[in-house]
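Working through the structure, step by step
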Amino acid sequence: MNVIVCAKQIPDPALPGALDPSSNTLKRDGKLILDESDMYGVEMALQLVDTAGGGEVSLVSMAPNGEVSGVRTALAMGAARAVLVSDPELAGSDALSTAKILAAAAKRLGDADLIIAGTESSDGYTGTVPEQIAEVLGLPSVTFAKSVKVEDGVLKVNRQTEAGYDEVTCTLPAVVSVTAGVVEPRYPSFKGIMAAKSKPVDTVTAADLGVNPVGWAGAGQQIVDVASAPERAAGEIIEDDGEAFNKIVDFLDKLKVI
Amino acid sequence: MAISNIWVFAQGAPSSSGAAAPTSTTLELLTKARSLAAESGGTVTAFVPGDAAEIAGALGEYGAAKVYATGDLQGALPGVAVSAAMQAVVAGGDSPDVILFPQDYVGRDVVSRLSVKLDRPVLTNNTDVAVEGDSVKATTPVFGGTKLVTTTFTGSAPYLIVVRPKSFAAESAGGGAPEVVAAPVPDLGAAGGAKVVEVHVEEHSGPKLDEANIVVSGGRGMGEAAKFELIETLAKQLKGAPGASRAIVDAGWVPYSYQVGQTGKVVKPTVYIAAGISGATQHMVGMKGSKNIIAINKDKEAPIFGVADLGIVGDVHKVLPKLIEALKAR
């Protein structure tokens, strides 16, 4: 079973984000790391290939400046190879252009049984790319997967819904987006980290993939204003002296909710 | 070209009476669509996945003049099926200028597929939508809601906009029964390979997370999964709903459905109690709109105290049990 995982490399979420003043888009030119949301997809893919008893996990990623640190993390976890799309022409790409690029990158890897993505990235969180990739490739898709398994060539997914969850079966090949916490991502071993350094990363441009137009030209949308949101007035902050719970009781009492 | 033909992706859900009623977000979007359409003397159309018989009256009351309904989806997932039905209507000549979708599991899937079918961009996570002449703008909060980014479309309609729940107040327009038109799902081919074989409804004893008057949320500071029981107990005592930060959802302590934040539910209760939550931007986006915020955290530098009306710098394992006892004694 061959699985492709969409691996986004993002600015470290622990650092404060910033907008590029010239374009008002998220600054992404520093060091990037593997989005934590995608570690679940990588782990899920490794487990599915393991259970199937054969095949490999490949990665597709799109990032500026040939950035590979996040991709190396996923390779260290056990993925075999990656296609990295890196191209100055891609700056400013919206979700739809990104999906077209990733779909083309996936095709470059050859026929896969399954494409896995996180439900949304931790930086842009548009949340549309997995389903858009499926539509570009003409594949069925199951989003918000809480559990994923493959039995007798059929994909079986429990899909999160507003009311609970749906049991869904799906033909392969297909696209699945997984929610966080669906599996426990492994830590890369030392051996894995060393091996990742020599695993193949095929770096390509949008033109190599035959996708056009991309970047600002293809975005179809433009940021026209960035404003500061109204701030909340500061409240009362107290140190707990063992009796602070009374403050909460009084607060709730005053609001007449207890 | 004026912005005059506005669609709303409208869903129903079982209500307490047993019959289906439009979801609260559907009514919010219809209300907004009405005000957008009013500027150009335009019309509002609702597009319903499934059967519209039980909810058409209410959709009309909130401003829909016309309702498209796909009929039973026969187990197909809504993303692929409803987008195909929408595309068929657009191809048939009724081309909307704007389609508003709710930011939920179904809305997001449908808009994603539709954006590829129509080759149009999507703006997601919006909290406001405005029409100025022929241009449509949408506003989305970023960086934990500290900045508001407004984006406009540069290409041609339809403009696809996904809006967060509770962005607008729902108001009835006192409208009459709408015209209901069938918008059947065409053959989906290979893309229709997914089928729902069983639906599981998880019973919740208390109010729904995004509708509760009081929300009590726990985060990493709760220490371990077993301690989340304190959150459940307090939420129940206050007739509220328990919630969680992404950190503990990722850690597998509680299901995704508990998550409050950018990637989870947006809540605006009368009181929000954040216990052991530091206030990552990811979380703040989902709860900053609460009327009153109480935060309990060991770290007095935690960002959550920046939005708290009452902040207790202390150990949740000491404060919560005492609070629960005190409330029990009342």
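Remember, it's a predicted structure, so these values are computed and weren't measured experimentally. (Residues numbered from 1 in each chain as written. Chains lettered and ligands numbered in written order. Predicted model: local features only at pLDDT ≥ 70, side-chain atom pairs only at ≥ 80, totals over all residues.)

**Overview of the overall build of chain B**
- Of the regular secondary structure elements, chain B holds eight helices and 18 strands.
- Relative to its length of 330 residues, chain B is compact, with a C-alpha radius of gyration of 21 Å against a globular reference of 20 Å.
- Structurally, chain B occupies a C-alpha span of about 65 × 45 × 40 Å along its principal axes.
- The buried share of chain B, reckoned over its 330 residues, is 58%.
- At a minimum sequence separation of 6, the contacts of chain B that also span at least 24 residues come to 66%. (Helix = DSSP H or I, 4+ residues; strand = E, 2+ residues; numbered from the N terminus. Rg over C-alpha atoms; globule rule 2.2 N^0.38 Å. Buried ≥ 20, exposed ≤ 12 C-beta atoms within 10 Å, placed from the backbone. Contact = placed C-beta atoms within 7 Å.)

**Notes on the nonpolar core**
- Counting residues in each nonpolar core, the largest one holds 185 residues, and the members touching the most others are Val 5, Ile 101 and Leu 102 of chain A together with Leu 100 and Ile 161 of chain B.
- The element best represented in this core is helix H3 (residues 95–108) of chain A, accounting for nine residues.
- Two domains each put at least three residues into this core: domain 1 (5–192) and domain 2 (214–328) of chain B.
- Ignoring sequence-local partners within four residues, the contact set of Leu 100 of chain B consists of Val 8, Phe 9, Leu 29, Lys 32, Ala 33, Val 129, Ile 161 and Val 163 of chain B. (Core = buried A, V, L, I, M, F, W, Y, C linked by C-beta atoms within 7 Å. Domains from an automatic or database assignment.)

**Topic: the interface of chain A and chain B**
- Tallying the contact residues gives 66 residues for chain A and 78 residues for chain B.
- Going through the elements one at a time, H3, helix H4 (129–137), strand E7 (141–151), strand E9 (164–170), strand E12 (221–228), strand E13 (236–239) and helix H8 (244–254) of chain A are the ones with two or more residues in the side of chain A that touches chain B.
- Considering each element in turn, the side of chain A that touches chain B owes the most residues, eight residues, to E12 of chain A.
- Of the residues in the side of chain A that touches chain B, the class split is 31 nonpolar, 21 polar and 14 charged. (Nonpolar A, V, L, I, M, F, W, Y, C, P; charged D, E, K, R; others polar.)

**Quick word on helix H1 (residues 36–52) of chain A**
Residues and elements named next belong to chain A.
- The terminal C-alpha atoms of H1 lie 25 Å apart, and with 17 residues this matches the ideal 24 Å at 1.5 Å per residue to within 8%.
- By the burial criterion, the buried members of H1 are Ser 37, Asp 38, Met 39, Tyr 40, Gly 41, Val 42, Glu 43, Met 44, Ala 45, Leu 46, Leu 48 and Val 49.
- Two residues or fewer past H1, Gly 53 is found with a positive phi of approximately 80°. (Expected span 1.5 Å × (residues − 1).)

**Regarding unusual backbone geometry**
- Across the junction of Leu 172 of chain A and Pro 173 of chain A, the peptide omega takes the value 0°, indicating a cis bond.
- Inspection of the secondary structure puts Pro 173 of chain A in the loop between E9 and strand E10 (174–178).
- Backbone geometry places Asp 119 of chain B, a non-glycine residue, at a positive phi of 55°.
- As for its position among the elements, Asp 119 of chain B is in the loop between helix H4 (105–118) and strand E7 (122–126).
- Here Asp 119 of chain B falls in the exposed class, since 11 other C-beta atoms lie within 10 Å of it.
- For Asn 125 of chain B, which is not a glycine, the phi torsion comes out positive at approximately 60°.
- Mapped onto the fold, Asn 125 of chain B is located in strand E7.

**A word on the sheet that holds E10 of chain A**
- Spatial ordering of the open sheet is given by E11(A)-E5(A)-E4(A)-E1(A)-E6(A)-E10(A)-E7(A)-E8(A)-E9(A)-E13(B), a layout of ten strands whose pairing is mixed. Each having just a single partner strand, strand E11 (201–204) of chain A together with strand E13 (194–201) of chain B make up the two edges of the open sheet. Neighbour-to-neighbour, the strand axes of this sheet turn through a mean angle of 30°, independent of strand direction.
- Relative to E11 of chain A, strand E5 (residues 81–85) of chain A runs parallel, the two sharing four bridges. Considered in E11 of chain A, the bridge of Val 85 of chain A is made with Val 204 of chain A.
- Here H4 of chain A sits on the sheet in contact with strand E6 (114–118), E7 and E10 of chain A, set at roughly 70° to E7 of chain A. (Pairing = 2+ DSSP bridges. Axes fitted to C-alpha atoms, helices over the stretch in contact; angles between N-to-C directions.)

**With respect to the pairing of E6 of chain A**
All names here are of chain A.
- Across the five residues that make up E6, a large majority, five, are buried.
- By the alternation rule, side chains of E6 split into Leu 114, Ile 116 and Gly 118 and Ile 115 and Ala 117, which are all buried.
- Both strand E1 (residues 3–6) and E6 contribute to a ladder of three bridges, which runs parallel. For Ile 4, the partnering residue across the bridge sits in E6 and is Ile 115.
- Alignment of E6 against E10, held across five bridges, turns out to be parallel.

**Details of the domain arrangement of chain B**
Residues and elements named next belong to chain B.
- What the domain assignment reports for chain B is domain 1 (5–192) and domain 2 (214–328).
- Distance from the C-alpha centre of domain 1 to the C-alpha centre of domain 2: 32 Å.
- Of the residues lining the interface, seven residues belong to domain 1; the matching set on domain 2 comes to six residues.
- Here the side of domain 1 that touches domain 2 is composed, by residue class, of three nonpolar, two polar and two charged.

**A look at the pairing of E10 of chain A**
Residue and element names in this part refer to chain A.
- Taken across its five residues, E10 has five buried, putting it largely inside the fold.
- By the bridge criterion, three bridges tie E7 to E10 in an arrangement that is parallel. For Ala 145, the partnering residue across the bridge sits in E10 and is Val 178.

**Quick word on the packing of H8 of chain A against helix H8 (residues 316–328) of chain B**
- At a minimum axis separation of 9 Å, H8 of chain A and H8 of chain B run at an interaxial angle of 50°. Comparing their axes, H8 of chain B and H8 of chain A come out oblique. Here the hand of the crossing between H8 of chain A and H8 of chain B comes out right-handed. Listed contacts from H8 of chain B to Ala 244, Phe 245, Ile 248 and Val 249 of chain A of H8 of chain A are Val 319, Lys 322, Leu 323, Ala 326 and Leu 327 of chain B.
- Among the residues forming the contact of H8 of chain A with H8 of chain B, the class breakdown is eight nonpolar, no polar and one charged. (Parallel < 35°, antiparallel > 145°, perpendicular 65-115°, else oblique. Left-handed = near helix turned anticlockwise from the far one by under 90°.)

**Looking at the environment of Arg 28 of chain A**
All names here are of chain A.
- Along the polypeptide, Arg 28 turns up in the loop between strand E2 (9–11) and strand E3 (32–34).
- On the basis of neighbour count, Arg 28 is assigned to the partly exposed category, with 19 C-beta atoms found within 10 Å.
- Linking Arg 28 and Gln 221, residues 193 residues apart in sequence, is a C-alpha distance of 19 Å.
- Apart from residues no more than four positions distant in its own chain, Arg 28 is found in contact with Pro 11 and Pro 64.

**A few points about the sheet that holds strand E18 (residues 310–313) of chain B**
- Reading across from one edge, E13(A)-E18(B)-E17(B)-E16(B)-E14(B)-E15(B) is the order of the six strands in this open sheet, with parallel pairing throughout. Strand pairing shows two members of the sheet lacking a second neighbour, E13 of chain A together with strand E15 (241–244) of chain B, which therefore form its edges. Going from strand to strand, the sheet's axes swing by 15° on average, the running direction of each strand aside.
- Pairing analysis gives four bridges linking E13 of chain A to E18 of chain B, with the strands arranged parallel. Bridge assignment links Ile 237 of chain A to a residue of E18 of chain B, and that residue is Gly 311 of chain B.
- Against the sheet, H8 of chain A contacts E13 of chain A together with strand E16 (271–275), strand E17 (292–297) and E18 of chain B, and its axis sits at roughly 165° relative to E18 of chain B.

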